[in-house]
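# Remarks on the overall topology
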Amino acid sequence: MRSAPTVLHLDMDAFFASVEQASKPSLRGKAVVVGGLGPRGVVATASYEARFFGVRSALPMAQARRLAPNAAYLVPRFALYRSISDQVMGLLRALSPLVEPLSLDEAFVDLEAGGAAGDERSARLAGAKLRADIRAVTGLTGSVGLAASKMLAKIASEQAKPDGLVLIEPGTERALLAPLPVRTLPGVGPATGDHLRRAGIHTVGELAEAGEAELVRLLGKAHGHALHAMSLARDERSVVAERETKSVSVEDTYDVDIHDRVRVGTEVQRLADRCVRRLRTAGLSGRTIVLKVRRYDFSTLTRSETLRGPTDDPAVVREAAARLLDSVDTTGGVRLLGVGVSGLADYTQEDLFAQAAGEREKELLGEEAGAAAPSEEQQQADAERRWPAGHDVRHSEYGHGWVQGSGLGRVTVRFETPGSVPGRVRTFRTGDPALHPADPLPLVERRPRDDRESADGPSNKDGRAGDGRHAEGGQGGREVRGSQEAAAGVPDPGLSGG
């Protein structure tokens, strides 16, 4: 393992929720929850204000509403999130040619490949400049971890949250890891964590003390070897700039085993829909549908079905997943379910699928095909679906705003922009001809001076570049040096999702 801090991990802070707060002045400093608002919706991201009440990513939206009834609940605006992510990834690629995106808001960077990691000071300056540039370009904050490996850099960025920078100094890695829970290590999910806890292993230090042979006995050869190495701060994984996507998949691990067969089927259908949304976001389709089931006894079953041609049709994927589930015995309970699509292509062959001859779903818009004229109730429902909570609108008289909510033939709009003061609220009929869906506005108004400052990097008031020995990175920003000081910094809310 390399001893110098050559790997940077960036994780944007509560990304989706932070974007919504930045674009909506009335929500700044308030609890914001982004996700599916339907009866089976889940939380995509919660702001730090919402996390105070226990709301976290992947929580059922109904439970989130019970925990934080006064929070703002918004439908995701993925097109906007992707555009801001592109800006952030552009800044990362300016820093190094080796950038490995993990999601819209998270990536590894090989600083050595960009010549920005000659020593601790240069690595720290690179991280500080990146955070300042992100704030200047997007108006958002990101947390940065710097270390000698991907695993340690990610742990450092978690300790830096929110809006901070942590560098793990060479020689302190084992001491930093020892007291951390085993779930801190990549590859230790809820199931593996429970398995280790039953064996009396709770911390990374205890994992290292257990020894490689014991971990292989408990977890199998590959997993046991990998976790033992990581418990000793050994991680030889390289930053990979480009990966050929071989499959797209989603999975959920459940806190309580699912015994109801109907509930299992419902979860598989939901996962199939999520998988298709990821396929479409990537502009892909696939031929092979894969179902993964981990049962109560940790045994994992995988079933697959190869279709006659690639598809991104949610009905096709749901039906195939349901057929695969029919061949799996779920007696005793299910701990994890997953649905994936492989054999990817960048086109579809819908005409090959007689089993999906029904209408294609119109995602987000909820449009329905058919020759019959829609009922009055259906027309009203379709009109209200035009106004998802949180999405942008423009009124011919009042200007730009966003939807606070809709129902019963009415839509409530708050008129404000990213650069305005909190705006006024007005209510309209869903069919008001003066009200139209609109594109999001930029979070930061770009000026020529912004580009110059971003290129020059952050500086102190006297014009000297910061040396990384003090807190940095804008309002609320902080820097923690080394493992002991990281533990003494602002507490991490301890929740995933940025």
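Before reading on, note that the structure itself is shown above.
Let us look at the structure shown here. (Residues numbered from 1 in each chain as written. Predicted model: local features only at pLDDT ≥ 70, side-chain atom pairs only at ≥ 80, totals over all residues. Heavy atoms only, no water.)

Our focus in this paragraph is the environment of Ala 199. Summarising the element assignment, Ala 199 is placed in the loop between helix H8 (190-198) and helix H9 (204-210). Ala 199 sits in the partly exposed class, given a relative accessible area of 40%. Along the backbone, Ala 199 and Ala 210 are eleven residues apart, and their C-alpha atoms lie at a distance of 9.9 Å. (Helix = DSSP H or I, 4+ residues; strand = E, 2+ residues; numbered from the N terminus. Buried < 20%, exposed > 50% of the residue type's maximum accessible area, 1.4 Å probe, protein only.)

Once that is clear, we can look at the pattern of salt bridges. Following the criterion strictly, the structure yields 23 salt bridges and no others. Note that Asp 133 is salt-bridged to Lys 129, the shortest N-O span being 2.7 Å. One end of the pair is Asp 133 and the other is Lys 129, both in helix H5 (residues 120-138) and four residues apart, which spans about a single turn. In this structure, the salt-bridge partner of Asp 252 is Arg 274, at a minimum N-O distance of 3.0 Å. Note that Asp 252 is positioned in strand S9 (residues 247-258) and Arg 274 in helix H12 (residues 261-281), a separation of 22 residues in sequence. There is no split in this pair, since Asp 252 and Arg 274 are both buried. (Salt bridge = Lys/Arg side-chain N within 4 Å of Asp/Glu carboxyl O.)

Here we take up unusual backbone geometry. Along the chain, Lys 161 connects to Pro 162 via a cis peptide bond; the corresponding omega equals -10°. The phi dihedral of Ala 233 falls on the positive side, at around 70°, and the residue is not glycine. Along the polypeptide, Ala 233 turns up in the loop between helix H11 (221-231) and S9. Using a relative accessible area of 3% as the deciding quantity, one classes Ala 233 as buried.

This part covers the sheet that holds strand S17 (residues 435-437). An order of S16-S15-S14-S13-S17 is seen for the five strands of this open sheet, with the pairing classed as antiparallel. Looking at the sheet topology across the chains shown, the edges are occupied by strand S16 (424-429) and S17. Each adjacent strand pair in this sheet contributes to an overall mean axis angle of 40°, direction not counted. In this structure, strand S13 (residues 392-395) lies alongside strand S14 (residues 399-407), joined through four bridges in antiparallel fashion. By the bridge assignment, Arg 394 is partnered in S14 with His 400. (Pairing = 2+ DSSP bridges. Axes fitted to C-alpha atoms, helices over the stretch in contact; angles between N-to-C directions.)

In short, shape yes, function no, at least from these values alone.
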